[in-house]
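Understanding the architecture of this molecule
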Amino acid sequence: MKAYTYIEHGRFELLNKPKPALQDPRDAIVRVTLASICTSDLHIKHGSVPRAVEGITVGHEMVGIVEEVGSEVRSVKAGDRVTVNVETFCGECFFCKRGYVNNCTDPDGGWALGCRIDGGQAEYVRVPHADQGLNRIPDTVSDEQALFVGDILATGYWAAKISEIAPDDTVLIIGAGPTGICTLLCARLKRPKRIIVCEKSPERRQFVREHYPEVLTVAPEACREAVLANSDRGGADVVLEVAGSEDTFRLAWECARPNATVVIVALYDRPQVLPLPDMYGKNLTFKTGGVDGCDCAEILRLIEAGEIDTTPLITHRYPFGRIAEAYDLFENRRDGAIKVAIDCTE
């Protein structure tokens, strides 16, 4: 089969590899129909994910059709159309039972697909712990509608969930990339009083204005003033930092009101500094970490009900044989690219 592979620092290649086989009775083999490229794939390419293994097939955003299941798999069967969770989790350990599936203690627990074991930018993928990692797609939901359920939509849902947004809150979201927009979609489900999106790209601010006209957009240099002018308590009640730079990390806590919640959704390339003397007295609560992607069934229900629609994020489509072109376009944000769908059947 064809598989897009991490060769070495700075280099991915489309290779021919053996089709994966079941290795455990809890595995499933999925024929990938549609995949996408995530910023985390770029982090692997550029060496920001030290645990990534050279030689693995990359990719963790995908949907497909179950080809084969192990003898202990109960939730899906051959022929089912499914989403694939970015995280592998056993469902039985201390962390899984409490919903902290990113910290699953299984050897393949957490973010394994496309990082430590072969992922889904391929014609086929083996999914360990398939009962937890696969969710059936409703018949009325298309592959494109479901494409981001297992990763960036799960991230946005997790972020909105742990931020505990209240109806009278002013919510600031920093970053309007794909994960930022998914976070926006999930924050809107909480019906806060006001949402402000801070984004440096004029094109992405325009995207937000066109699709979510009730949301206030602002550039980083005007963010603090805009938050003060549009909040009732001297700052944002909840800040969701989805951009991942030193400047946006500082902006997040500076724009928060005293006793606010700051949720760090971003994956940073380098350590950040908590300037405790500067923020002394703000009494902020920081919530950080990797997504706990255990709400995919609920996210699919919301998509089916018309509450969430991520299809506008798919700005470009490529056949699998041209995936290198798709990476170049996505990484360099050419032609207004937000997300790219890769047809793995072509």
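The notes below deal with the structure included here.

Rules used in this analysis
- Residues numbered from 1 in each chain as written.
- Predicted model: local features only at pLDDT ≥ 70, side-chain atom pairs only at ≥ 80, totals over all residues.
- Heavy atoms only, no water.
- Helix = DSSP H or I, 4+ residues; strand = E, 2+ residues; numbered from the N terminus.
- Rg over C-alpha atoms; globule rule 2.2 N^0.38 Å.
- Buried < 20%, exposed > 50% of the residue type's maximum accessible area, 1.4 Å probe, protein only.
- Contact = heavy atoms within 4.5 Å.
- Areas by Shrake-Rupley, 256 points an atom, 1.4 Å probe, with all protein chains shown as cover.
- Lys, Arg positive; Asp, Glu negative; His and termini not counted.
- Charge placed at Lys NZ, Arg CZ, Asp CG, Glu CD.
- Pairing = 2+ DSSP bridges.
- Right-handed = clockwise from strand over helix to strand, strands pointing away.
- Salt bridge = Lys/Arg side-chain N within 4 Å of Asp/Glu carboxyl O.
- Polar contact = N/O pair within 3.5 Å; in protein donor to acceptor, adjacent residues only side chain to side chain.
- Phe/Tyr/Trp six-rings, centres within 6.5 Å; stacked < 30°, edge-to-face > 60°.
- Arc of directions from axis to C-beta.
- Axes fitted to C-alpha atoms, helices over the stretch in contact; angles between N-to-C directions.
- Parallel < 35°, antiparallel > 145°, perpendicular 65-115°, else oblique.
- Nonpolar A, V, L, I, M, F, W, Y, C, P; charged D, E, K, R; others polar.
- Left-handed = near helix turned anticlockwise from the far one by under 90°.

**Comments concerning the overall build of the protein**
- Looking only at helices and strands, the protein has 12 helices and 17 strands in total.
- Taking 20 Å as the expected radius of gyration for a compact globule of 346 residues, we find that the protein reaches 20 Å, a close match to that expectation.
- In terms of principal-axis extent, the alpha carbons of the protein reach across some 55 × 45 × 40 Å.
- The buried share of the protein, reckoned over its 346 residues, is 55%.
- Of all intrachain contacts in the protein linking residues separated by at least 6 positions in sequence, the fraction that spans at least 24 positions is 71%.
- Surface accessibility of the protein: about 14,700 Å² in total, with carbon and sulfur atoms responsible for 47%.
- The positive charge centre, built from 39 side chains, and the negative charge centre, built from 51, are 2 Å apart in the protein.

**Structural notes on the pairing of strand 11 (residues 194-198)**
- Judged by how many residues are buried, strand 11 sits mostly within the fold: 4 of 5 residues are covered.
- Relative to strand 11, strand 10 (residues 170-174) runs parallel, the two being bridged by 5 bridges. Bridging across to strand 11, isoleucine 173 finds its partner in valine 197.
- Read from strand 10 through helix 6 (residues 178-188) to strand 11, the crossover connection turns out right-handed.
- One ladder, built from 3 bridges, connects strand 11 with strand 12 (residues 216-218); its direction is parallel.

**Observations regarding the side chain of glutamate 87**
- Relative to the elements of secondary structure, glutamate 87 occurs in strand 6 (residues 87-88).
- The charged side chain of glutamate 87 is buried without a salt bridge, its nearest counter-charge being arginine 51 at 8.7 Å.
- At a separation of 2.7 Å, a polar atom in the side chain of glutamate 87 contacts the main-chain amide nitrogen of glycine 293.

**Regarding unusual backbone geometry**
- For arginine 191, which is not glycine, the phi dihedral falls at a positive 55°.
- Following the sequence through the fold, arginine 191 ends up in the loop between helix 6 and strand 11.
- Under the relative-accessibility criterion, arginine 191 is labelled exposed at 54%.
- The residue asparagine 283 is not glycine, and still its phi comes out positive at about 55°.
- With respect to the helices and strands, asparagine 283 occurs in the loop between helix 10 (276-279) and strand 15 (285-287).

**Quick notes on the pairing of strand 5 (residues 81-84)**
- Across 3 bridges, strand 4 (residues 61-69) lies against strand 5 in antiparallel orientation. By the bridge assignment, valine 63 is partnered in strand 5 with threonine 83.
- In this structure, strand 5 lies alongside strand 9 (residues 134-136), joined through 3 bridges in antiparallel fashion. Paired with valine 84 across the strands is leucine 134, a residue of strand 9.

**Re the packing of aromatic side chains**
- Overall, the coordinates contain 7 aromatic pairs when judged by the stated rule.
- Ring centres of phenylalanine 12 and tyrosine 327 lie 5.6 Å apart, and the angle between their planes is 85°; on these two criteria the pair is classed as edge-to-face. One end of the pair, phenylalanine 12, is in strand 2 (residues 11-16); the other, tyrosine 327, is in helix 12 (residues 323-331), and 315 residues separate them in sequence.
- Between phenylalanine 94 and phenylalanine 95, the aromatic rings sit 5.1 Å apart at their centres with planes inclined by 90°, giving edge-to-face as the arrangement.
- Classification of phenylalanine 94 by relative accessible area gives partly exposed; the value is 48%.
- We classify phenylalanine 95 as partly exposed; its relative accessible area is 29%.

**Notes on helix 12**
- Taken as a whole, helix 12 has its buried residues at Ile323, Ala326, Tyr327, Leu329 and Phe330. An end-on view of helix 12 places all buried positions within 165° of arc, on one side of the element.
- Here the buried face of helix 12 lies against strand 1 (2-8), strand 2, helix 1 (39-45), strand 16 (314-319) and strand 17 (339-343).
- Positive phi shows up at arginine 333, right after helix 12, with a value of about 50°.

**With respect to the sheet that holds strand 10**
- The sheet built from 6 strands is open, its strands ordered 12-11-10-13-14-15 with parallel pairing. Two strands close off the open sheet at either side, each with one partner strand: strand 12 and strand 15. Strand-to-strand twist in this sheet, taken as the mean axis angle between neighbours without regard to direction, amounts to 20°.
- Against the sheet, helix 5 (residues 152-163) makes contact with strand 13 (236-241), strand 14 (256-264) and strand 15, and its axis sits at roughly 150° relative to strand 14, the strand it touches most.

**What about the packing of helix 5 against helix 11 (residues 296-304)?**
- For the pair helix 5 and helix 11, the least separation of the axes is 10 Å and the interaxial angle reads 100°. Looking at the two axes, helix 5 sits roughly perpendicular to helix 11. Seen from helix 5, the contacting residues are Leu153, Ala154 and Tyr157; seen from helix 11, they are Cys296, Glu298, Ile299, Leu302 and Ile303.
- The residue inventory of the contact of helix 5 with helix 11, partitioned by class, reads 7 nonpolar, no polar and 1 charged.

**A short note on the packing of helix 5 against helix 6**
- Look at helix 5 against helix 6: their axes get within 8 Å of each other, and the N-to-C directions meet at 50°. Considering the angle they form, helix 5 stands oblique to helix 6. Judged by the sense of rotation from one axis to the other, the crossing of helix 5 with helix 6 is right-handed. Of the residues in helix 6, those touching helix 5 at Ile152, Leu153, Thr155, Gly156, Tyr157, Ala159 and Ala160 are Pro178, Thr179, Cys182, Thr183, Cys186 and Ala187.
- Among the residues making up the contact of helix 5 with helix 6, the classes are represented as 9 nonpolar, 4 polar and no charged.

It is worth stressing that arrangement in space is one thing and function is another; only the former is reported here.
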